[in-house]
Amino acid sequence: ALSDWWAELEGLTGRCSGSLTAARANDQRALEPMHIRISAAVADGDFRGARIGDCQISAYLGKNRLLIDEAELEVMSGTLSASGSLRRNAGKGATYYIRGGYSQLELDQLVHVFLPSAKAVEGRVSGKGTLVVLSDLRRMTGQADVQLSDSDLGRTILVSTLYNALNLKFGSRQPTGQGQISLRFEGSSLKIPSFAYFNRGAEIRGACTVADLTLGKMSPVTGYAIGSARPLRGTHLPGIADLDRLIASLQTGVSSVRIGGTLTEPAVTPVAFQEVGQALRALLWRQLGE
């Protein structure tokens, strides 16, 4: 029923029970005059395929600011914790500041909130970040670091294209992949200056940009990625790391792709490594040598 007041919540289901208390803040160091506590137990909570569980929130409210001192939410089979503020600016809309961390979120649920028709994706997501929004998404800044674990991205268009270009054929899925992603919010664009992923002897690295988040699923995506076979990485034997690094530096079987299309319909096209921009090539080679 919340979607009757906030249309963006269409698709939210479940039942919620709990308590809300609002009283004058007694702490002499209170950040605002009113202290609010919310404790909620959620049964069968779901938002477009993302499971939602219990939550606890502590916040302070003043004349021009709502400050969330502490919030913790069970979501996507993991945990989301956050703090932040909403400040009303005279004649200039509102400013939102959010700082948060997330642990062991199920990647498949996260993907399907935004792309319901996407194929199943195995993995867990953890990390932390900050976000500042001035009035709307066109005035946004922030950053986040994401760690990917227990994953198998072989069915995604990017990874499968690179696997095919490297002539890598795999049987049953193996959710043992690890990865890191850096995110940077600049205005309405989302820049990914670096992402890296390794699973089943293959390493993928790259960078891309989502041009305009205000366009939602139709936002254009541009970038490049390269893949290489690293069959000895992760084998913990004396001398293996140096041997693996030597093989990586000598091999010529590196494949590269151009990333295009939109968030809803991404396009991944194999290209010659020389077509990858010089600055990005330097970044990728430096990453591969680390």
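Calculation notes
- Residue indices begin from 1 for each chain and proceed along its sequence in written order.
- Predicted model: local features are reported for residues with pLDDT of at least 70 only, side-chain atom pairs are reported and counted for 80 or more only, and whole-chain, interface and lining totals are derived from all residues.
- Values shown for side chains rest on all heavy atoms present in the structure; no hydrogens or waters enter the calculation.
- Each helix is a run of H or I in the DSSP string that is no shorter than four residues. Each strand is a run of E no shorter than two, and both are numbered from the N terminus.
- Exposure classes here rest on a 1.4 Å probe applied to the protein chains alone. A residue is buried below 20% of its type maximum, exposed above 50%, and partly exposed in between.
- The criterion used for residue contact is that any of the two residues' heavy atoms lie within 4.5 Å.
- Here the open area of atoms and residues is found with the Shrake-Rupley method and a 1.4 Å probe, where only the protein chains shown may cover a residue.
- Definition of a polar contact: a pair of N or O atoms within 3.5 Å, with one able to donate and the other able to accept a hydrogen when the atoms are protein atoms, and with sequence-neighbouring residues admitted only if both atoms are side-chain atoms.
- We define a salt bridge as a contact between a side-chain nitrogen of Lys or Arg and a carboxyl oxygen of Asp or Glu at a distance within 4 Å.
- Only strands that DSSP links by at least two bridges are regarded as paired with each other.
- Here, nonpolar core means buried Ala, Val, Leu, Ile, Met, Phe, Trp, Tyr and Cys residues that are tied together by side-chain atoms lying within 4.5 Å of each other.

K.L.:
Explain the overall build of the protein chain to me, and be specific about the residues and the numbers.
P.N.:
When its secondary structure is counted, the protein chain shows 4 helices and 14 strands. The burial tally for the protein chain puts 37% of its 290 residues in the buried class. A separation of at least 24 residues holds for 50% of the contacts in the protein chain among residues at least 6 apart in sequence. For the protein chain, the accessible area works out to roughly 16,800 Å², and carbon and sulfur atoms hold 56% of it.

K.L.:
Outline the environment of Gln147, supporting the account with residue identities and numerical values.
P.N.:
Note on placement: Gln147 falls in strand β8 (residues 140–152). Sequence separation of Gln147 and Ser126 is 21 residues, and the distance between their C-alpha atoms is 5.2 Å. Not counting residues up to four positions away in its chain, the partners in contact with Gln147 are Arg124, Val125, Ser126, Gly127 and Gly179.

K.L.:
So what's going on with the side chain of Ser189? Residues and values would help.
P.N.:
Tracing the chain through its elements places Ser189 in strand β10 (residues 189–199). You can call Ser189 buried: its relative accessible area is 11%. There is a polar contact of 2.8 Å between the side chain of Ser189 and the backbone oxygen of Glu186. If we ignore the near neighbours within four places in the chain, the residues touching Ser189 are Arg184, Val210 and Ala211.

K.L.:
Describe the pattern of salt bridges, listing the residues and the values that go with them.
P.N.:
Taken as a whole and assessed by the stated rule, the structure comprises 6 salt bridges. Residue Arg51 pairs with Glu106 through a salt bridge whose shortest N-O separation is 3.6 Å. Placement of Arg51 in strand β3 (residues 50–61) and of Glu106 in strand β6 (residues 94–106) is noted, with a sequence separation of 55 residues between them. Judged by its relative accessible area of 22%, Glu106 is partly exposed. Of the charged contacts, one joins Glu106 and Arg124 as a salt bridge, the two residues approaching to 4.0 Å between their closest N and O atoms. Highlighted residues: Glu106 in strand β6 and Arg124 in strand β7 (residues 122–134), separated in sequence by 18 residues. In this structure Arg124 comes out as partly exposed when scored by relative accessible area, which is 24%.

K.L.:
If you had to explain the environment of Thr222 to someone new, which residues and values would you point to?
P.N.:
Relative to the helices and strands, Thr222 is located in strand β12 (residues 221–229). A relative accessible area of 49% means that Thr222 is categorised as partly exposed. For Thr222, the residues in contact, after removing those within four places along its chain, are Cys208, Thr209 and Ile259.

K.L.:
Pulling in residues and values, what's your account of the pairing of strand β14 (residues 266–271)?
P.N.:
Where strand β13 (residues 255–261) lies against β14, 6 bridges are found, and the strand directions are antiparallel. Across the sheet, residue Val257 finds its bridge partner in β14, namely Pro270. The turn linking β13 back onto β14 is made up of 4 residues.

K.L.:
Tell me about the side chain of Ser255, and name the residues and values.
P.N.:
Structurally, the position occupied by Ser255 is in strand β13. With residues up to four places along the chain from it excluded, the contact list for Ser255 reads Leu162, Ala165, Leu166, Ala225, Ile226 and Gly227.

K.L.:
Quick rundown of helix α2 (residues 157–165)? Include the residues and the values.
P.N.:
Taken as a whole, α2 has its buried residues at Leu158, Val159, Thr161, Leu162 and Tyr163. Against the buried residues of α2 lie β10, β11 (202–210), β12, β13 and β14. After α2 finishes, the residue Asn167 shows a positive phi value of roughly 60 degrees.

K.L.:
So what about the nonpolar core? Which residues, and what values?
P.N.:
Counting residues in each nonpolar core, the largest one holds 35 residues, and the members touching the most others are Val125, Leu153, Leu158, Phe195, Ile204, Ala225 and Ile259. Excluding its chain neighbours within four sequence positions, the residues that come into contact with Ala225 are Leu158, Leu162, Phe195, Ile204, Arg205, Gly206, Ser255, Ser256, Val257 and Ile259.

K.L.:
Give a detailed account of unusual backbone geometry, specifying residues and quantitative values.
P.N.:
One non-glycine residue, Asp44, lies in the positive phi region at around 55 degrees. Of note in this structure, Met76 is not a glycine but carries a positive phi near 55 degrees. Note that Met76 resides in the loop between β4 (65–75) and β5 (78–88).

K.L.:
Would you mind going over helix α1 (residues 107–114) in detail, with residue names and values included?
P.N.:
Burial in α1 covers these residues: Leu107, Gln109, His112 and Val113. Each element contacted by the buried residues of α1 is listed here: β2 (34–47), β3, β6, β7 and β8.

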